[in-house]
Amino acid sequence: MSEVVIRRTRGALGRSALLLFAVLFLGAAAPQAQQVHKHEAHAAQPAAEAAAPPRIPDVDCLDQNGKRLRFHSDLVKGKVVVISFIFTRCTAMCPIIGEGVARLQTALGDRAGRDVQLISVSTDPVTDTPEKLKAWGARLKAKDGWTMVTGEKAEIDRLLKVLTGGVSGNKTHEPLLLIGNEATNVWKESYAYESPARIIQQIDRVSGAAAAP
């Protein structure tokens, strides 16, 4: 009887050890597999549809000319938009973002300001006055149809919380572009370092959603 008990115990211990090994091995491998999957998914589909389309608040803001605006009513409502996030003192990522939007503006030609609105929101509204935004845009040869936005910190924070999940601050951030069709509430994410042709493809897909039933 004791021999049978011992054999069963050894078998149970063996199965337990194997189960423990599998859990530990798979648990260690899972994060790496997830990272590989995320990397491959990003490489294959750099402009992904936003998980939850933003409900954009109608905050008070100022453009680069000092004109007072309501963000949703005046800049986004019923329009196709490309929204970027910058601050004028940034020397790392924001020049890449600005140059990317400038290339996009050139590639869009007459469509910029007519079919597509370009909007850059300052993530450092305490420092970024309309005058500083205007000077920043001038270095990039910004034209009509590209609006730069600042305002009271509390208002910009409320806006950024919806658009990016964060709040204002002069910290490095990714070169995110939000491409949206407010009329159909279709939003996609892209990146400012993508080629203008690729970004325009995303804009066209978002714009085409207006004709969808």
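Whatever comes next refers back to the structure up there.
Residues numbered from 1 in each chain as written. Predicted model: local features only at pLDDT ≥ 70, side-chain atom pairs only at ≥ 80, totals over all residues. Heavy atoms only, no water.

Peer 1: Can you explain the packing of helix 3 (residues 94–108) against helix 6 (residues 196–208)? Please cite residues and give values.
Peer 2: Where helix 3 meets helix 6, the axes come as close as 9 Å, and the angle between the chain directions of the two elements is 70°. Viewed along their axes, helix 3 and helix 6 adopt a mutual orientation that is roughly perpendicular. For the pair helix 3 and helix 6, the crossing hand works out as right-handed. Contact residues: R103, L104, A107 and L108 in helix 3; P196, I199, I200 and I203 in helix 6. Split into classes, the residues belonging to the contact of helix 3 with helix 6 amount to seven nonpolar, no polar and one charged. (Axes fitted to C-alpha atoms, helices over the stretch in contact; angles between N-to-C directions. Helix = DSSP H or I, 4+ residues; strand = E, 2+ residues; numbered from the N terminus. Parallel < 35°, antiparallel > 145°, perpendicular 65-115°, else oblique. Left-handed = near helix turned anticlockwise from the far one by under 90°. Contact = heavy atoms within 4.5 Å. Nonpolar A, V, L, I, M, F, W, Y, C, P; charged D, E, K, R; others polar.)

Peer 1: Describe the sheet that holds strand 5 (residues 146–150), listing the residues and the values that go with them.
Peer 2: Spatially, seven strands are ordered 2-1-5-4-3-6-7 in an open sheet, and the strand pairing comes out mixed. A single partner strand is all that each edge strand has here, and the edge strands are strand 2 (68–70) and strand 7 (186–191). Pairwise comparison of adjacent strand axes, ignoring direction, gives a mean angle of 30° for this sheet. Sitting on the sheet, helix 3 is in contact with strand 3 (80–86), strand 4 (116–122), strand 5 and strand 6 (176–181), with an inclination near 155° to strand 3. Contacts between helix 4 (residues 130–139) and the sheet are confined to strand 1 (60–63), strand 3, strand 4 and strand 5, with strand 5 contributing the most and set at about 150° to the helix. (Pairing = 2+ DSSP bridges.)

Peer 1: Help me get a handle on the nonpolar core, residues and values and all.
Peer 2: Formed by 26 residues in total, the largest nonpolar core has its most connected members in V82, L104, L108, V116, L118, W146 and I203. Elements with a contribution of two residues or more to this core: strand 3, helix 3, strand 4, helix 4, strand 5, strand 6 and helix 6. In terms of residue count, the dominant contributor to this core is helix 3 (six residues). Residue contacts for L104: discarding those within four places in its chain leaves V82, L118, P196, I199, I200 and I203. One finds V59, C61, L160 and L163 within the second-largest nonpolar core, a separate group that totals 20 residues. (Core = buried A, V, L, I, M, F, W, Y, C linked by side-chain atoms within 4.5 Å. Buried < 20%, exposed > 50% of the residue type's maximum accessible area, 1.4 Å probe, protein only.)

Peer 1: Describe the layout of surface pockets, naming the residues involved and giving the relevant values.
Peer 2: Quantified by volume, the second largest pocket comes out at close to 220 Å³. Along the walls of the second largest pocket sit 14 residues, with Q64, N65, K143, D144 and W146 positioned nearest its centre. Those elements that provide at least two residues to the lining of the second largest pocket are helix 4 and strand 5. In terms of residue count, the dominant contributor to the lining of the second largest pocket is helix 4 (four residues). When the residues that make up the lining of the second largest pocket are grouped by side-chain class, the tally is five nonpolar, five polar and four charged. (1 Å grid on protein atoms, 1.4 Å probe; cavity = no way out; pocket = protein on both sides within 12 Å on 5 of 7 lines; lining within 4 Å. Points joined across faces, edges and corners; volume = space filled by probe spheres on them.)

Peer 1: Tell me about the pattern of salt bridges, residues and numbers included.
Peer 2: A full pass over the atoms with the stated rule returns nine salt bridges. In this structure, D115 engages R111 in a salt bridge whose closest nitrogen and oxygen atoms are separated by 3.7 Å. Because the salt bridges share partners, they merge into one network encompassing R111, R114, D115 and D204. (Salt bridge = Lys/Arg side-chain N within 4 Å of Asp/Glu carboxyl O.)

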